[in-house]
Amino acid sequence: MIDLRSDTVTKPTPAMRRAMAEAEVGDDVYGEDPTVNRLETRAAEIAGKEAALFVPTGTMGNTIAVKLLTTHGQEVICDARAHVTDYELAMMAWFSGCVPRTVPTADGILSWEQVARLAKPVNPYSAPTGMIEIENTHNMCGGTVYPIETIREICDGAHERGLKVHMDGARIFNAAAASGLTVAEIAAPADTVMFCLSKALGAPVGSMLAGPAELIAKGRLYRKRLGGGMRQAGVLAAAGLVAIEETPLKLVEDHRNARFLAEGLARIPGIRIDPKKVVTNIVIFDAAGTGIPTAEISARLKQSGVLLNPINDREMRAVTHYDVDRAGCALALDALAEAVPARAAASQL
Ligand code: TLP
């Protein structure tokens, strides 16, 4: 199977499996797992923050960040297709008592002007703004990367008004590979940053939440409340350590494969995509012009050994990662061209 549904589907590499088997462990709820401690120290260093917390999932990392940076009854300003509002089971409401104030954007990138217009102080009518959430890279907008100046403008503006900023950097290493900046440079203006070990980096489990030491210490208690107090988690952290040291160097290859896919897709009648906009590992394309429902395209592809998910009736998403190489991408394109015959596309034009 050529699995392009997500970069969450990667299997641990032999080096990760070896590290997991050999990991030194202890009880992490007592703070005694040396491998988890090592991962947290290293993650903080890479993110350029005082401390970091190992959490089982990106959703838990974002959930804890919102809790740390807001109080009940506040608004969280985010892009309209942000993961934190669309794919996290309303955790900001459930756990933190906050509501999202969503902003429609062309490519998932907020601007300070948009945020400034919506940010509200305490008043007798509306929910005051608590924090701004920025997603970098932006998943559902096709892996778009925030320009560093925009991040700085949003964070500076927010801080001047006493607002906090959390960066959902699930794929911040892809943003770093695409921009030539370090993860620390990208995350510096934000108060907290979450990044995933289990997405593009390929670890089997885990994400990191990084920020000021005092906040992260508090975050540790929220992690426990959410059922995330893991015990001999060093077996998982060991794979995470391999992932943060070894995989970032390979991400440019995933980005090249994503561009290759996008260019091939643009040649298939009925499919719409601008390959120039594909700068990281996520390829989102509009298949409405094929006249075939996206769920049906997905089903046809599966029969040819290619897994690729619809996002909605029009759009589909392909995500590249280290378990699919260039030849795999070429096969996926052949399967797609076969799944949407030109005459079906032509009948819709
Ligand atoms: N994204 C998953 C799905 O949930 C859509 C994927 O396949 O891409 N932030 C961003 C930007 C994400 O893309 C994801 C996962 C998360 C947070 C949550 O991470 P997990 O799945 O570890 O809770």
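Here the structure is a predicted model, which is why all the values come from computation and not from measurement.

1. Considering the overall build of the protein chain
Here is step 1: Across its full length, the protein chain holds 15 helices and 12 strands.
Here is step 2: Taking 20 Å as the expected radius of gyration for a compact globule of 349 residues, we find that the protein chain reaches 21 Å, a close match to that expectation.
Here is step 3: Residues classed as buried in the protein chain amount to 56% of the 349 residues present.
Here is step 4: Long-range contacts, defined here as pairs at least 24 residues apart, represent 73% of the contacts in the protein chain between residues at least 6 apart.
Here is step 5: Counting only carbon and sulfur atoms, one obtains 53% of the accessible surface of the protein chain, whose full area is about 14,800 Å².
Here is step 6: Treating the 36 positive side-chain charges of the protein chain as one cloud and the 41 negative ones as another, the clouds have centres 3 Å apart.

2. A closer look at the environment of leucine 39
Here is step 1: As for its placement among the helices and strands, leucine 39 is situated in helix H2 (residues 34-47).
Here is step 2: For the pair leucine 39 and leucine 53, spaced 14 residues apart in sequence, the C-alpha to C-alpha distance is 8.8 Å.
Here is step 3: Beyond its immediate stretch of four places on either side in the chain, leucine 39 contacts Phe54, Leu197, Met208, Ala237, Gly240, Leu241 and Ile244.

3. So, the sheet that holds strand E12 (residues 315-319)
Within a beta sheet, neighbouring strands are joined by backbone hydrogen bonds and run either parallel or antiparallel to one another.
Here is step 1: Across the sheet, which stays open at both edges, the three strands sit in the order E9-E12-E11 with antiparallel pairing between neighbours. Both outer strands of the open sheet, strand E9 (282-286) and strand E11 (309-310), are each paired with one neighbouring strand and no more.
Here is step 2: Pairing of E9 with E12 involves five bridges; the strand directions are antiparallel. When the sheet's bridge partners are listed, valine 283 is paired in E12 with alanine 318.
Here is step 3: Contacts from helix H12 (residues 251-266) reach E9 and E12 within the one sheet, and its direction differs from that of E9 by about 15°.

4. Regarding the site of the ligand
Here is step 1: Every one of the 15 residues lining the ligand counts as a neighbour, but Ser6, Thr59, His83, Asp168 and Arg171 are closest to it.
Here is step 2: Interatomic distance of 2.8 Å between a side-chain N/O atom of histidine 83 and an oxygen atom of the ligand.
Here is step 3: Protein contact buries 83% of the 510 Å² of open area that the ligand shows by itself.
Here is step 4: Looking at the shell around the ligand, its residues break down into two nonpolar, seven polar and six charged.

5. Digging into unusual backbone geometry
Here is step 1: Cis geometry marks the peptide bond from asparagine 136 to threonine 137; its omega dihedral reads 0°.
Here is step 2: With respect to the element layout, threonine 137 can be found in the loop between strand E5 (129-135) and helix H7 (148-160).
Here is step 3: In the Ramachandran plot, leucine 89 falls in the positive-phi region, its phi being about 50° despite a non-glycine side chain.
Here is step 4: Positionally, leucine 89 belongs in the loop between helix H4 (83-86) and helix H5 (91-94).

6. Here's the deal with the environment of lysine 224
Here is step 1: Within the secondary structure layout, lysine 224 lies in helix H10 (residues 213-225).
Here is step 2: Residue classification places lysine 224 among the partly exposed positions, given a relative accessible area of 44%.
Here is step 3: Sequence-wise, lysine 224 and proline 269 are 45 residues apart; in three dimensions their C-alpha atoms are separated by 51 Å.
Here is step 4: If sequence neighbours within four positions are ignored, lysine 224 has contacts with Val29 and Gly229.

7. Focus on a negative patch on the surface
Here is step 1: A cluster of acidic residues, Glu113, Glu149, Glu153, Asp156 and Glu160, forms a negative patch at the surface.
Here is step 2: Counting residues per element, the negative patch draws most heavily on H7, at four residues.

8. A short note on the packing of aromatic side chains
Any aromatic ring pair is given by two values, namely how distant the centres are and how the planes are angled relative to each other.
Here is step 1: Under the definition given, this model contains two aromatic pairs.
Here is step 2: With a centroid separation of 5.9 Å and 85° between ring planes, the pair formed by phenylalanine 95 and tyrosine 222 is classed as edge-to-face. Separated by 127 residues along the polypeptide, phenylalanine 95 in the loop between H5 and strand E4 (99-103) and tyrosine 222 in helix H10 bring together distant segments of the chain. In this pair, the class of phenylalanine 95 matches that of tyrosine 222, namely buried.
Here is step 3: Residues phenylalanine 173 and phenylalanine 195 carry aromatic rings whose centres are separated by 5.2 Å and whose planes lie at 80° to one another, so their mutual orientation is edge-to-face. Taken together, the residues phenylalanine 173 in helix H8 (residues 172-179) and phenylalanine 195 in strand E7 (residues 192-196) connect sequence positions 22 residues apart.

9. Thoughts on the sheet that holds strand E3 (residues 75-79)
Here is step 1: Judged by pairing direction, the sheet is mixed, and its seven strands sit side by side in the order E2-E8-E7-E6-E5-E3-E4 without closing on themselves. Strands with a single pairing partner mark the edges of an open sheet, and in this sheet they are strand E2 (51-55) and E4. For this sheet, the mean inter-axis angle between neighbouring strands, taken without regard to orientation, is 20°.
Here is step 2: Sheet topology note: the E3/E4 ladder contains five bridges and is parallel. By the bridge assignment for E4, glutamate 75 is matched with valine 99.
Here is step 3: Packed on one face of the sheet, H2 meets E2, E7 and strand E8 (207-211) and runs near 125° to E2.

10. Some thoughts on H7
Three- or four-residue spacings in an α-helix give side chains the same orientation, since the helix completes a turn every 3.6 residues.
Here is step 1: Taking 1.5 Å as the rise per residue, H7 with 13 residues should run 18 Å; its terminal C-alpha atoms sit 18 Å apart, in good agreement.
Here is step 2: Within the sequence span of H7, burial applies to Ile148, Thr150, Ile151, Ile154, Cys155, Gly157 and Ala158.
Here is step 3: Those residues of H7 that are buried are in contact with helix H6 (112-118), E5, strand E6 (164-168) and helix H9 (183-187).
Here is step 4: The first or second residue beyond H7 is glycine 162, which carries a positive phi of 80°.

Rules of the game
- Residues numbered from 1 in each chain as written.
- Predicted model: local features only at pLDDT ≥ 70, side-chain atom pairs only at ≥ 80, totals over all residues.
- Heavy atoms only, no water.
- Helix = DSSP H or I, 4+ residues; strand = E, 2+ residues; numbered from the N terminus.
- Rg over C-alpha atoms; globule rule 2.2 N^0.38 Å.
- Buried < 20%, exposed > 50% of the residue type's maximum accessible area, 1.4 Å probe, protein only.
- Contact = heavy atoms within 4.5 Å.
- Areas by Shrake-Rupley, 256 points an atom, 1.4 Å probe, with all protein chains shown as cover.
- Lys, Arg positive; Asp, Glu negative; His and termini not counted.
- Charge placed at Lys NZ, Arg CZ, Asp CG, Glu CD.
- Pairing = 2+ DSSP bridges.
- Axes fitted to C-alpha atoms, helices over the stretch in contact; angles between N-to-C directions.
- Near = heavy atom within 4 Å.
- Polar contact = N/O pair within 3.5 Å; in protein donor to acceptor, adjacent residues only side chain to side chain.
- Nonpolar A, V, L, I, M, F, W, Y, C, P; charged D, E, K, R; others polar.
- Patch = residues over 30% accessible without salt bridge, like charges linked within 9 Å, V, L, I, M, F, W, Y side chains within 5 Å.
- Salt bridge = Lys/Arg side-chain N within 4 Å of Asp/Glu carboxyl O.
- Phe/Tyr/Trp six-rings, centres within 6.5 Å; stacked < 30°, edge-to-face > 60°.
- Expected span 1.5 Å × (residues − 1).

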